[in-house]
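One letter stands for each residue in the lines below.
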Amino acid sequence: QVQLVESGGGLVQAGGSLRLSCAHSTSIFSTSTMAWYRQAPGNVRELVARVRLDGSTYLINPVQGRFTISRDNAKNMVYLQMNMLKPEDTAVYYCNRYGASDRYDYWGQGTQVTVSS
């Protein structure tokens, strides 16, 4: 059974930190580059960061220096450490394999991150 469960979101003041966690359940995810995405109200879902099996990472420019993505392959977990949060980081955050389709791939329910100014 495919399962992606995101957690760790919440309400935080600007400048604060949150750590998001993603538990995934199948070999598809365990052997894939994994990623965090986010979707703000009225916007399309966008890539935030991705992490390869070897631990190498990529983060989009707006979050570089503030966010860190990591994975624990033994535990089937992916993490997103978010520091120095800004109001524009407010969104629902999702994890999935890198390149997942909005239309054809399974998505979890995500976790809401709200940053107040």
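Given the structure is predicted, the values throughout are model-derived calculations rather than measurements.

Evaluation of the coordinates by the stated rule reveals one disulfide. Each disulfide pairs two cysteine sulfurs, and for C22 the partner residue is C95, the sulfurs being separated by 1.7 Å. Between C22 and C95 the sulfur-sulfur dihedral comes to about 45°; the bridge is accordingly right-handed. With C22 in strand β3 (residues 18–24) and C95 in strand β9 (residues 91–97), this pair connects stretches of sequence that are 73 residues apart. Judged by relative accessible area, which is 0%, C22 ranks as buried.

Throughout the structure, instances matching the rule amount to five salt bridges. The partner of E46 in a salt bridge is R38, and the shortest N-O contact between them spans 2.7 Å. Judged by relative accessible area, E46 falls into the partly exposed class, the value being 33%. A salt bridge links D89 to R66, with the nearest nitrogen and oxygen atoms 2.7 Å apart. Of the two residues, D89 is situated in the loop between β8 (77–82) and β9 and R66 in the loop between β6 (57–59) and β7 (67–72); the sequence distance between them amounts to 23 residues.

Another aspect to go through is the sheet that holds strand β10 (residues 111–116). The strand order β2-β10-β9-β4-β5-β6 describes an open sheet built from six strands, whose pairing is mixed. With partners counted over all chains shown, the strands left at the sheet margins are β2 (10–13) and β6, one partner each. The mean inter-strand angle of the sheet, taken between neighbouring strand axes irrespective of direction, is 25°. As judged from the three bridges shared by β9 and β10, these two strands associate in the antiparallel manner. From the neighbouring strand, V92 faces β10, where its bridge partner is Q112.

Cut-offs and rules
Residues numbered from 1 in each chain as written. Predicted model: local features only at pLDDT ≥ 70, side-chain atom pairs only at ≥ 80, totals over all residues. Heavy atoms only, no water. Disulfide = S-S within 2.5 Å. Helix = DSSP H or I, 4+ residues; strand = E, 2+ residues; numbered from the N terminus. Buried < 20%, exposed > 50% of the residue type's maximum accessible area, 1.4 Å probe, protein only. Salt bridge = Lys/Arg side-chain N within 4 Å of Asp/Glu carboxyl O. Pairing = 2+ DSSP bridges. Axes fitted to C-alpha atoms, helices over the stretch in contact; angles between N-to-C directions.

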